[in-house]
Amino acid sequence: MENYLNESFSGVKPKNSSEEALRRWRKLCVLVKNPKRRFRFTANLSKRSEAEAMKKTNQEKLRIAVLVSKAALQFIQASSGILPRSDYVVPNEVKAAGFDIDADELGSIVEGHDLKKLKIHGGIEGIATKLSTSTESGLCSDEDRLKRRQDVFGINKFTERQQRSFWVFVWEALQDTTLMILAMCAIVSLVVGIATEGWPKGAHDGLGIVASILLVVFVTATSDYRQSLQFKDLDKEKKKIFVQVTRNGYRKKISIYDLLPGDIVHLGIGDQVPADGLFVSGFSVLIDESSLTGESEPVAVNSENPFLLSGTKVQDGSCKMLITTVGMRTQWGKLMATLSEGGDDETPLQVKLNGVATIIGKIGLFFAVVTFAVLSQRLMTSKYQEGQYFSWSGDDALEMLEYFAIAVTIVVVAVPEGLPLAVTLSLAFAMKKMMNDKALVRHLAACETMGSATSICSDKTGTLTTNHMTVVKICACENIHELNNTQKDGSVRSLFPDSSVKTIIESLFNNTSGEVVKNQNGKLEILGSPTETALLEFGLSLGGNFYAVRQQTQLIKVEPFNSTKKRMGVVLQLPEGGYRAHCKGASEIILAACDNYIDHKGNAVPLKEEAANKLKETIESFASEALRTLCLAYMDIENNFVATEQIPVSGYTCIGIIGIKDPVRPGVRESVAICKSAGITVRMVTGDNINTAKAIARECGILTEGGVAIEGPEFREKSLDKLTQLIPNLQVMARSSPMDKHTLVNHLRTSFDEVVAVTGDGTNDAPALHEADIGLAMGIAGTEVAKESADVIILDDNFSTIVTVVKWGRSVYINIQKFVQFQLTVNIVALIVNFLSACFTGNAPLTAVQLLWVNMIMDTLGALALATEPPNDELMKRPPVGKKGNFITNIMWRNILGQAFYQFIVIWCLQTEGKRLFDLEGPTAELTLNTLIFNTFVFCQVFNEISSREMEKIDVLHGILQNYIFVGVVTSTVIFQLIIVQFLGDFASTTPLTLWQWFVTVFIGFLSMPVAAAIKLIPVESN
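Cut-offs and rules
Residues numbered from 1 in each chain as written. Predicted model: local features only at pLDDT ≥ 70, side-chain atom pairs only at ≥ 80, totals over all residues. Heavy atoms only, no water. Helix = DSSP H or I, 4+ residues; strand = E, 2+ residues; numbered from the N terminus. Contact = heavy atoms within 4.5 Å. Areas by Shrake-Rupley, 256 points an atom, 1.4 Å probe, with all protein chains shown as cover. Phe/Tyr/Trp six-rings, centres within 6.5 Å; stacked < 30°, edge-to-face > 60°. Buried < 20%, exposed > 50% of the residue type's maximum accessible area, 1.4 Å probe, protein only. Lys NZ or Arg CZ within 6 Å of the ring centre and 35° of its normal. Salt bridge = Lys/Arg side-chain N within 4 Å of Asp/Glu carboxyl O. Core = buried A, V, L, I, M, F, W, Y, C linked by side-chain atoms within 4.5 Å. Pairing = 2+ DSSP bridges. Expected span 1.5 Å × (residues − 1). Lys, Arg positive; Asp, Glu negative; His and termini not counted. Patch = residues over 30% accessible without salt bridge, like charges linked within 9 Å, V, L, I, M, F, W, Y side chains within 5 Å. Axes fitted to C-alpha atoms, helices over the stretch in contact; angles between N-to-C directions. Polar contact = N/O pair within 3.5 Å; in protein donor to acceptor, adjacent residues only side chain to side chain.

Could you clarify how one ought to interpret the overall build of the chain in this entry?
A tally of helices and strands in the chain yields 39 helices and 26 strands. In the chain, once contacts between residues fewer than 6 apart in sequence are set aside, the share between residues at least 24 apart is 74%. Here the chain displays about 43,600 Å² of accessible surface, and carbon together with sulfur accounts for 56% of that area.

How should the packing of aromatic side chains be read in this particular structure?
Aromatic ring pairs: the centre-centre distance and the angle between the two ring planes describe each pair. The final tally for this structure, using the stated rule, is 17 aromatic pairs. Ring centres of Phe546 and Tyr547 lie 6.1 Å apart, and the angle between their planes is 80°; this geometry places the pair in the edge-to-face category. For Tyr547, a relative accessible area of 38% translates into the label partly exposed. Here a set of aromatic residues connected by ring pairs shows up, and it is made of Phe166, Trp167, Phe169, Phe218 and Tyr225. For Arg164, the ring lying beneath its charged end belongs to Phe169, and the centroid distance is 4.8 Å.

Sorry if this is basic, but what is going on with the pattern of salt bridges here?
If charged atoms from side chains of opposite charge come close, those side chains can pair. Within this structure, the stated rule accounts for 28 salt bridges. Between Lys565 and Glu559 there is a salt bridge; the shortest N-O distance is 4.0 Å. When its relative accessible area of 32% is taken as the criterion, Lys565 is described as partly exposed. A salt bridge links Arg949 to Glu869; the nearest nitrogen and oxygen atoms lie 2.6 Å apart. With Arg949 in the loop between helix H35 (925-947) and helix H36 (964-983) and Glu869 in the loop between helix H33 (848-866) and helix H34 (890-917), the pair connects residues that are 80 residues apart, well separated along the chain. For the residue pair Arg949 and Glu869, the accessibility class agrees, reading buried in each case.

How should I be thinking about the nonpolar core in this particular structure?
In a soluble, globular protein the nonpolar side chains are often hidden away together inside. Grouped together as the largest cluster of nonpolar side chains are 153 residues, with contacts concentrated most on Leu182, Ile774, Val792, Phe799, Ile816 and Val820. When residues in this core are grouped by element, the largest group, 20 residues, is from helix H32 (residues 799-840). Not counting chain neighbours up to four residues away, the residues in contact with Val792 comprise Ala439, Leu440, Val441, Arg442, Ala446, Ile774, Gly775, Leu776, Ala777 and Val805. One finds Ile474, Val492, Val549 and Tyr634 within the second-largest nonpolar core, a separate group that totals 28 residues.

Looking at this structure, how should I read the pairing of strand S23 (residues 730-734)?
In summary, the side chains of a regular strand alternate between the two faces of the sheet. Among the five residues that make up S23, five are buried, leaving the element largely enclosed by the rest of the structure. Where strand S21 (residues 681-685) and S23 come together, two bridges link them in parallel fashion. Bridging across to S23, Met684 finds its partner in Val732. Pairing of strand S22 (residues 708-711) with S23, which is carried by four bridges, proceeds in the parallel orientation. Looking at the pairing, Ile710 lines up with Met733 of S23.

Would you mind showing me how to read helix H21 (residues 530-541) here?
An ideal rise of 1.5 Å per residue puts 16 Å on twelve residues; H21 measures up with 16 Å between its terminal C-alpha atoms. Across the twelve residues that make up H21, a large majority, nine, are buried. The set of residues buried in H21 consists of Thr531, Glu532, Thr533, Ala534, Leu535, Leu536, Phe538, Gly539 and Ser541. Downstream of H21 by one or two residues, Gly543 has phi in the positive range, about 90°.

What's the story with the side chain of Arg567 in this structure? I'm lost.
Structurally, the position occupied by Arg567 is in strand S15 (residues 567-573). Of the buried charged residues, Arg567 lacks a salt bridge, with Glu559 as the closest side chain of opposite charge at 6.3 Å. Arg567 has contacts with Pro560, Phe561, Asn562, Cys583, Lys584, Gly585, Ile589, Ile590, Ala593, Pro648, Val649 and Tyr652, leaving out every residue within four places of it along the chain.

Sorry, what's going on with helix H6 (residues 103-111) here?
Listed in full, the buried residues belonging to H6 are Ala103, Glu105, Leu106, Gly107, Ile109 and Val110. Turning to H6, the residues buried within the fold contact helix H7 (115-120), helix H8 (123-130), helix H9 (143-153), strand S4 (276-288), strand S6 (307-308) and strand S7 (313-325).

Teacher, can you tell me more about a nonpolar patch on the surface here?
Judged by side-chain polarity, Ile975, Ile979, Phe983, Leu984 and Phe987 come together as a nonpolar surface patch covering roughly 450 Å² of accessible area. Here the nonpolar patch gets three residues from one element, more than from any other, and that element is H36. Overall, the relative accessible area of 34% leaves Leu984 in the partly exposed class.

Would you mind showing me how to read the sheet that holds strand S24 (residues 756-760) here?
Reading across the sheet, the eight strands line up as S8-S26-S25-S24-S9-S21-S23-S22 and stay open at both edges, with mixed pairing between neighbours. The open sheet has two edge strands with one neighbour each: strand S8 (439-441) and S22. Averaged over all pairs of adjacent strands, the angle between strand axes in this sheet comes to 20°, irrespective of strand direction.

Explain the environment of Phe538 to me, please; I cannot follow it from the model alone.
If you trace the backbone, Phe538 turns up in helix H21. C-alpha separation for the pair Phe538 and Val471, spaced 67 residues apart in sequence, amounts to 6.6 Å. Contacts of Phe538, omitting those with residues within four sequence positions, involve Val471, Ile474, Leu483, Val492, Ile504, Leu508 and Ile658.

Where do I start with the side chain of Asn963 in this structure?
Here Asn963 shows up in the loop between H35 and H36. Assessed through its relative accessible area of 4%, Asn963 is described here as buried. Separated by 3.2 Å, the side chains of Asn963 and Glu869 make a polar contact. Leaving out residues up to four positions away in the same chain, Asn963 has contacts with Ala865, Thr868, Glu869 and Pro870.

What follows is the structure in structure tokens.
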């Protein structure tokens, strides 16, 4: 079976599967009872193709609009002396609300990139005035005004597909082909039964089947409906994006869904543009518009091309934008409205279990046909011997109908439709629970793939460390100073000459992506990344005034920090004339660009070898103390500087080296140890100094004796053979670029067949996150680009949460194995018992109604019980499955065959010797025996379900009471069984049992537990 599954159903990958692979396994799936339900959580390939074609059409339209706008720009520039005129009239309702422009006019300006119209309306400032907003202080947060604005311009939400009602799931559950055939059998049974035996006696069999069908349908629909609600909740979580806006003159974070035209939004690298709007101010802004136009080249956005479109990404730079159009009026909204989502790709486990269902379905169909043939042949033979071959009574017809119903029900039981859906149930349950554990799963497959992970490549900052940074050391003016809390309260300034303090403050406050703002309480608040926050805090401790310093100079050019250059630079126009460049970044890189340094008197002097070596030693000393090091430098530019020029990369004067403390997160060392015991290799991949990286890695338990730490540039130079030798021992990569991370991931996956999880937070991490088997983006520090490329978002940026995700992933895999083991056992026993009984005794001990109940126990209820087991710590003490592990293991086959053999022997003994053992006589003996067999069979499944909680351990009761779902399912199964046997005899073909008979049947079922324990002692070869 495993070989067949690997050959036919293994082409689908955890992500980025080819369409050919997705189509191939679908063709192999035969005997699908209910395609709507079976394939609900698989990708709709035809819809996906339609959506892709529609998207290309829209992209082409937008591309043409952009080209037209460029032509218009050239025309306007050529005729700049002519003042354009407009016939635009403000609608009365818009004017009454206090605005001088309506949503359609705003939309036409941005969507059409219409510079002419923009100029007519007075440019960006004119639009802001007409929207009753300010480009400096933003919107007024008065509720009435915001509501009025919302009524006129709409809200920033897209039209969503309506949640399907419970009755839609009921209707889909009724689409089951075998249930339809059984329903027809029930109708015929009702008609013939009432005609021959009258009402109500003749209706019992037919009504019994109808009631069973309805029970199966409603339980199935309830389970499916609950899953759909869970996925809807998770979808809402995925769409939660917050942006920085200015309102009432204060910066604050709000949801993108609360944005309104007139809002001033602050964007940085990696952000997604949340609505259509106009560029107000900023530097070096490059926008990736490929999601809208299909063009791969980034577009420069500035005062000459100020149009920003919703759904595009900020690839470089930072800016302020004025929101003009929101929701379904935006380009992105219109695109979303025309697309029908094709859904997520199916997971490898779903595909594999579809294969298992197909194999068992074929076997079941064969047994069903043979069982019907044997049963009907006996009836036909007896009719022939009695000479009544052409004389059929109502009873004969009902008997033949019952045989047909049994055969159909064998197919119902044999085709394990619930197997692929159990994966979805387990994944939905795990995803919901993982949300509570601070992990948001964006793609279903990631949940199961994480359980197979063999390697984790983790960032350092914010994942292994707390990301709460403070400046604790500084080397400036030839002295090293350790800063403590008392010094930060005012005496830091006295440590350095006044001229040096001025230069340091100028560098810290101008060369930054952060900001110091006043909050609504009038207190200073620092906005920005943890590194920027630490530096700005230090600048304030030197007595600097952020606003005053920024107003003294004019910012000419900004080159934001990125992980490739590992530096950030600005150029300022000084008040006394002339220009000055400031840069900061990786200490050794910036120091290498310096020709001078500031001495103890505050003067710039040449950086000779001795001084350079001393500074290098300081960097290494700081790094060995696990401090992040940054070098600050400046240079005066003699000639005029224009914004189109590149900021110089050499000739700087070193201001100083700053040491920033970022403590290791509590619990990380323990989490790394858990990963190691689980057979998972943890590697640190960071852009930091190698000594800092090694110190932190040792503290976390990642870097061990014999482990290799290497720098990115050295790693890049290695040949393929040397990389193959190096990577198994590689534990730390420092000063790495995003492409180094991508290369490492690629080698681990292809050369070493590892299942790799990778963390990332920056825009440039997107390729590695996409390449990895599981991309893990940081929820706090991560950019929207990184989150969009990831499979799982770690909401608290904590490495310990990654370990929790692994644990849940393993739990999903093991739970599905438990369910498959349980279901295959029931399949085998039900098939063989009914088949052999039909062959040797001429009747089937389990009726259609009884088999439908058994099917519900093993399918929907079994999935609920076993597929929702929470993870335990034992899961992290076994090796990972990896890529090559068999899904149905030898251990599972041992348990399945051992348990099936016991149950078959018990049922067969009851069938052949039951009357003698229970001393059954009289006309009801056959009915009582069949009830005893039915009750024994059901209780064998109940106790086998408990035994299936552990595939190898004897103790299956540990923690059972903590799993309320399991306890609830088992309890309800027992209660329903009691009702069916004692009170629904006419419908279920049972008769009430005595207390002794109940005890014996339950005890026989209970014996399956010690039998299961004994079977687990049989050694088997692990695969």
